[in-house]
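What the coordinates show
These are the residues of each chain, in order.
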Amino acid sequence: MTIGVLWEVVQTGLMYGQMRKSDTVEDRVKALEDQLQLTQNTLRSLVKKLEEMHGIDIDQDGRIG
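To keep things clear, this report deals only with the structure shown in the data block. (Residues numbered from 1 in each chain as written. Predicted model: local features only at pLDDT ≥ 70, side-chain atom pairs only at ≥ 80, totals over all residues. Heavy atoms only, no water.)

1. Re the overall build of the protein
Regarding its fold elements, the protein presents one helix and zero strands. Sorting the 65 residues of the protein into buried and exposed places 2% on the buried side. Just so you have it, the protein exposes about 6,000 Å², and 62% of that area is on carbon and sulfur atoms. (Helix = DSSP H or I, 4+ residues; strand = E, 2+ residues; numbered from the N terminus. Buried < 20%, exposed > 50% of the residue type's maximum accessible area, 1.4 Å probe, protein only. Areas by Shrake-Rupley, 256 points an atom, 1.4 Å probe, with all protein chains shown as cover.)

Written as structure tokens, this is what we have:
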């Protein structure tokens, strides 16, 4: 009986370890997605400001600014 209980504890620990690794990857992906969104927002703001400063349509969306 003791070996069975010990094995169950080991298996539970292994499954928990796999879940933590999985969560960590998901957390990393979420962080990367957030960083990408911030970078894209910054680039949009930069293009808008450059268009306003130079009076040209840099992103070719038909508008300046």
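2. What about the side chain of Glu51?
With respect to the helices and strands, the residue Glu51 is situated in helix α1 (residues 2-54). In this structure Glu51 is buried but unpaired, with Arg63 as the nearest side chain of opposite charge at 6.9 Å. A distance of 2.8 Å separates the side chain of Glu51 from the backbone nitrogen of Gly65, its partner in a polar contact. Those residues in contact with Glu51, other than ones at most four positions away along the chain, are Ile56, Asp57, Ile58, Asp59, Arg63, Ile64 and Gly65. (Lys, Arg positive; Asp, Glu negative; His and termini not counted. Salt bridge = Lys/Arg side-chain N within 4 Å of Asp/Glu carboxyl O. Polar contact = N/O pair within 3.5 Å; in protein donor to acceptor, adjacent residues only side chain to side chain. Contact = heavy atoms within 4.5 Å.)

3. Looking at the pattern of salt bridges
Tallied over the full model, the rule gives two salt bridges. Asp34 is the partner of Lys30 in a salt bridge, and the nearest nitrogen-oxygen pair spans 2.9 Å. On the criterion of helical spacing, the pair formed by Lys30 and Asp34 is a turn pair, its members being four residues apart in helix α1. According to the relative accessible area criterion, Asp34 is partly exposed, its value standing at 36%. With its nearest N and O atoms 3.3 Å apart, the salt bridge here joins Asp61 to Arg63. For Asp61, a relative accessible area of 34% corresponds to the partly exposed category. On the basis of relative accessibility, which here comes to 54%, the residue Arg63 falls in the exposed class.

4. Digging into a nonpolar patch on the surface
Together, Leu43, Leu46, Leu50, Met53, Ile56 and Ile58 give the surface a local cluster of nonpolar side chains, amounting to about 540 Å² of exposed area. Looking at the element boundaries, Leu46 is found in helix α1. Given a relative accessible area of 45%, Leu46 falls into the partly exposed group. (Patch = residues over 30% accessible without salt bridge, like charges linked within 9 Å, V, L, I, M, F, W, Y side chains within 5 Å.)

5. Quick word on the environment of Glu52
Examined against the element boundaries, Glu52 turns out to sit in helix α1. Spatially, the C-alpha atoms of Glu52 and Gly65 are 5.1 Å apart, while their sequence positions differ by 13 residues. Excluding its chain neighbours within four sequence positions, the residues that come into contact with Glu52 are Ile64 and Gly65.

By themselves, these observations are geometric and do not establish any function.
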